[in-house]
Amino acid sequence: MLRTILSITGKPGLFKIISQGNRMLVVEDIVSKKRQPVHARDKVVSLGDIAMYTEGEDKPLGEILDLVFANMNGERIDVKAYDNDGLREKFAEILPDFDRERVYPSDIKKLFSWYNLLIGAGFTKFAIEEQAPEEEAKEEGI
């Protein structure tokens, strides 16, 4: 699911891929539903490709968003109510082993604002569900 949700540098909000053309994408804002082209010169990042630093292995964004959803009981987070130390404390409740040296308050603020946008757009499940190999074979008709 997160593979089709994009963050575009210089444009506020999150976008869903609608179509691909030659050297451009057509995207739709997940909140306003307005469609617009994104050209090859724009920096585009899929949320499915993002991970956050932890003390162990990096944790995919989808898993972190599921943890935030569970911690907040599906409610929004008031990002403006927290200062930098408050953001770190709140994030430590959700993901205790995050790397405090490499994850900055601005990263946490962006994560929480993306979470709010996704919740506002009706998303409730974020992590990729991996299927067992035999289930994949059944779906492919093997």
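One structure accompanies this document, and this report is about it. (Residues numbered from 1 in each chain as written. Predicted model: local features only at pLDDT ≥ 70, side-chain atom pairs only at ≥ 80, totals over all residues. Heavy atoms only, no water.)

This brings us to the overall build of the chain. The number of helices and strands found in the chain is four helices and seven strands. Listed by position from the N terminus, the elements making up the chain come as β-β-β-β-β-β-β-α-α-α-α. Its C-alpha atoms put the chain at 45 × 40 × 25 Å along the principal axes. The long-range fraction of contacts in the chain, counting pairs at least 24 apart against all pairs at least 6 apart in sequence, stands at 53%. Counting only carbon and sulfur atoms, one obtains 47% of the accessible surface of the chain, whose full area is about 9100 Å². Measuring between centres, the 20 positive side-chain charges of the chain sit 10 Å from its 26 negative side-chain charges. (Helix = DSSP H or I, 4+ residues; strand = E, 2+ residues; numbered from the N terminus. Contact = heavy atoms within 4.5 Å. Areas by Shrake-Rupley, 256 points an atom, 1.4 Å probe, with all protein chains shown as cover. Lys, Arg positive; Asp, Glu negative; His and termini not counted. Charge placed at Lys NZ, Arg CZ, Asp CG, Glu CD.)

Further remarks concern unusual backbone geometry. One non-glycine residue, Arg23, lies in positive phi territory at about 65 degrees. Inspection of the secondary structure assignment puts Arg23 in the loop between strand E2 (15-21) and strand E3 (24-29). Taking the relative accessible area as the measure of exposure, Arg23 reaches 68% and is therefore exposed. (Buried < 20%, exposed > 50% of the residue type's maximum accessible area, 1.4 Å probe, protein only.)

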